[in-house]
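Letter by letter, the chains look like this.
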Amino acid sequence: MDVNGTVAEGFEPVREAFVRNFETLGERGASVAVYREGQQVVDLWAGTKDIDGTNPWEHGTAQVVRSATKGIAAAVLLLLHQRGQLDLDAPVGHYWPEFKARGKERVLVRHVLNHRAGLPVLDHPLTPEQALDPLRGPVAVAAQAPAWEPGTDHGYHALTYGWMLDELVRRVTGQGAGEWLAAQVTGPLGLDLWLGLPDSEAHRAGRAGRVEGPEPTGGLRARPKRSVTEAYEDPASLTRRAFAAITPFPEQNDPAYRAAALPATNAIATADGLARFYATLIGDTAGASRLFTPETVELARAEQSAGPDRVLVVGTRFGLGYMLHGSASPFLAPGSFGHPGRGGALGFADPESEIAFGYVTNGFRKTVTADPRAQGLVRAVRQSLGR
């Protein structure tokens, strides 16, 4: 395997793990980046740009990162809170009066971020065309009754998370989350990361698709235990309905889908863009001051929800907008926070070691959280740190 890029002294295990992904885990095209103390220490890429093509993956190749988008979008609400423009303990209806319908008066802004809003499903799913309209999703969520008493339990809001977050940002700032992110964060920092891919950058995004490989261990597996399998197969389950809030799901390689801004699912990023985003959340990077204050970092990673997840069925842990280190989604260490993308992508930060990590791929597997390719790379980072 012809691997391009560099690793700093001591981080050679990451390169070795990256090569193994291609040799034994069916990787077709991917990149990984790691920052330590604000400096890039790993920047590797290999394979093909498109899952079904032969053109090589280049340094600036980007891919859709699926639910790793949620961690990116969460930063928008937390930054608005940090700037005094948004109260996490205010009712969502304070900013978005229409949302209060059908018993949602007590849904707080923090419930959107910690998956306790009780709104993971839509009784009337959106079509792909409707989902790309930034106004239709929020209207649908505002008309939806909660599936449980808001604030009393948690369940992964796979798609509705994005519509609630986007509308809150729009009501507070007049811009959608993707526009605000580009104007306030990714544009000024020069990050190769977009929530709403501009036409000028569309040529950089590779085609993604399904790949097969050895069965993973840990997390939500390709062959999960019976209760998880049954939840995904039952059309009436919260699990099945949460992931079917858009039916059928849009083709992820469609230019119209990539150009839209769905803050739960469709950010496009390079591994470096994703890693540097997290690096800048927790510390200074070259030419940029940290985005989150220490207090906001603690908000992001303080446990808000833990235990059996009503949607994912297995036990999950969430802070405010971020998954936390645990069996369903292992990161570097107990203090890490970030978000995986279904089938592969992963971005996270670990404030104690000052590590930030980004991995993107064009080959999506059946995994929901702990993809074995990403996990092998995380173990290699841990090994490089002598842990």
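Please refer to the structure placed before this passage.
Residues numbered from 1 in each chain as written. Predicted model: local features only at pLDDT ≥ 70, side-chain atom pairs only at ≥ 80, totals over all residues. Heavy atoms only, no water.

Chemist: I'm lost on the overall build of the chain in this one. Help?
Modeler: Counting its secondary structure elements, the chain contains 14 helices and 14 strands. What you see for the chain is a C-alpha radius of gyration of 19 Å, in line with the 21 Å of a compact globule of 387 residues. Taken over 387 residues, the chain has a buried fraction of 59%. The long-range fraction of contacts in the chain, counting pairs at least 24 apart against all pairs at least 6 apart in sequence, stands at 68%. When the accessible surface of the chain is summed, it comes to about 14400 Å², and 48% of that surface belongs to carbon and sulfur atoms. Between the mean site of the 39 positive side-chain charges and the mean site of the 43 negative ones, the chain shows a separation of 5 Å. (Helix = DSSP H or I, 4+ residues; strand = E, 2+ residues; numbered from the N terminus. Rg over C-alpha atoms; globule rule 2.2 N^0.38 Å. Buried < 20%, exposed > 50% of the residue type's maximum accessible area, 1.4 Å probe, protein only. Contact = heavy atoms within 4.5 Å. Areas by Shrake-Rupley, 256 points an atom, 1.4 Å probe, with all protein chains shown as cover. Lys, Arg positive; Asp, Glu negative; His and termini not counted. Charge placed at Lys NZ, Arg CZ, Asp CG, Glu CD.)

Chemist: Mind showing me how you'd approach helix α7 (residues 160-173) here?
Modeler: At 3.6 residues per turn, the α-helix brings residues three or four places apart onto the same side. Spanning 14 residues, α7 covers 20 Å between terminal C-alpha atoms, matching the ideal 20 Å at 1.5 Å per step. Restricting attention to buried positions, one finds in α7 the residues Thr160, Tyr161, Gly162, Trp163, Met164, Leu165, Asp166, Glu167, Leu168 and Val169. Looking one or two residues beyond α7, the residue adopting positive phi is glycine 174, at roughly 85 degrees. (Expected span 1.5 Å × (residues − 1).)

Chemist: Whenever I open this one, the pattern of salt bridges confuses me. Can you help?
Modeler: Pairing of side chains with opposite charge becomes possible as their charged atoms draw close. Applying the stated criterion across every chain yields a total of 16 salt bridges. Arginine 301 is the salt-bridge partner of glutamate 298, the closest N and O atoms lying 2.9 Å from each other. Here arginine 301 and glutamate 298 lie together in helix α13 (residues 294-301), a separation of 3 residues that amounts to about one turn. Classification of arginine 301 as buried rests on a relative accessible area of 17%. Connected through salt bridges with shared partners, the residues Glu98, Asp166, Glu167, Arg170 and Arg171 form a single ionic network. (Salt bridge = Lys/Arg side-chain N within 4 Å of Asp/Glu carboxyl O.)

Chemist: Please clarify how the environment of isoleucine 51 should be interpreted in this entry.
Modeler: Summarising the element assignment, isoleucine 51 is placed in the loop between β3 (39-47) and β4 (63-64). Between the alpha carbons of isoleucine 51 and glutamate 27 there is a distance of 9.3 Å; along the sequence they are 24 residues apart. Each residue touching isoleucine 51, except ones within four places of it in the same chain, is listed here: Arg28, Arg207, Ala208, Gly209, Arg210, Val211, Asn362 and Gly363.

Chemist: Looking at this structure, I do not really get the side chain of serine 31. What am I missing?
Modeler: Secondary-structure assignment places serine 31 in strand β2 (residues 29-36). Note on serine 31: relative accessible area 6%, which makes it buried.

Chemist: Where do I start with the sheet that holds strand β5 (residues 193-194) in this structure?
Modeler: In any sheet, the strands associate via hydrogen bonds between backbone groups, in a parallel or an antiparallel arrangement. Pairing in this open sheet of 3 strands is antiparallel, and the strands run β4-β7-β5 from one edge to the other. Only two strands of the sheet have a single partner each, and these edge strands are β4 and β5. Alignment of β4 against strand β7 (residues 268-269), held across 2 bridges, turns out to be antiparallel. Following the sheet pairing, valine 64 is matched in β7 by isoleucine 268. (Pairing = 2+ DSSP bridges.)

Chemist: What exactly am I supposed to notice about helix α14 (residues 372-384) here?
Modeler: Its 13 residues place the ends of α14 18 Å apart at the C-alpha level, agreeing with the 18 Å of an ideal helix rising 1.5 Å per residue. Taken residue by residue, α14 has Pro372, Arg373, Ala374, Gln375, Gly376, Leu377, Val378, Ala380, Val381 and Ser384 as its buried positions. On its buried face, α14 is in contact with α1 (12-24), β2, β12 (346-350), β13 (355-361) and β14 (363-364). At the C-terminal side of α14, glycine 386 shows a positive phi close to 80 degrees.

Chemist: What is the right way to read the packing of aromatic side chains from this model?
Modeler: Aromatic rings considered in pairs are described by the distance between their centres and by the relative angle of their planes. A full pass over the atoms with the stated rule returns 12 aromatic pairs. Judged by centre distance (6.2 Å) and plane angle (10 degrees), the rings of tyrosine 156 and phenylalanine 318 are stacked. Of this pair, tyrosine 156 sits in the loop between α6 (136-142) and α7 while phenylalanine 318 sits in strand β9 (residues 315-318), placing them 162 residues apart in sequence. By relative accessible area, phenylalanine 318 is classed as buried at 0%. The interplanar angle of 70 degrees and the centroid separation of 6.0 Å between the aromatic rings of phenylalanine 249 and tyrosine 257 together place this pair among those described as edge-to-face. Taken together through their ring pairs, the aromatic side chains of Tyr156, Tyr232, Phe243 and Phe318 make up a single cluster. The ring of phenylalanine 364 is capped by arginine 66, whose NZ or CZ atom sits 4.0 Å from the centre of that ring. (Phe/Tyr/Trp six-rings, centres within 6.5 Å; stacked < 30°, edge-to-face > 60°. Lys NZ or Arg CZ within 6 Å of the ring centre and 35° of its normal.)

Chemist: Is there a simple way to explain the nonpolar core in this structure?
Modeler: Across soluble globular proteins, you tend to see nonpolar side chains buried next to one another. Of all hydrophobic cores here, the largest spans 118 residues; its most connected members are Trp163, Leu281, Tyr322, Phe337 and Phe357. Counting residues per element, this core draws most heavily on helix α2 (residues 69-82), which supplies 9 residues. Those residues within four positions of tryptophan 163 in sequence are excluded, and the remaining contacts are Trp96, Leu122, Leu126, Ala131, Gly137, Pro138, Val141, Ala245, Ile246 and Leu262. Core analysis: the second largest hydrophobic core is formed by 8 residues, Ala62, Trp194, Ala205 and Ala208 among them. (Core = buried A, V, L, I, M, F, W, Y, C linked by side-chain atoms within 4.5 Å.)

Chemist: Teacher, can you tell me more about unusual backbone geometry here?
Modeler: A negative phi angle is the norm for most residues apart from glycine, just as the trans form is the norm for most peptide bonds. Of note, the amide linkage connecting threonine 247 to proline 248 takes the cis form, showing an omega dihedral of -10 degrees. Relative to the helices and strands, proline 248 resides in the loop between α10 (238-243) and α11 (255-259). With a phi close to 55 degrees, glutamate 37 is a non-glycine residue in the positive phi region. Inspection of the secondary structure puts glutamate 37 in the loop between β2 and β3. Non-glycine residue valine 313 carries a positive phi angle of around 75 degrees. Within the secondary structure layout, valine 313 lies in the loop between β8 (305-308) and β9.

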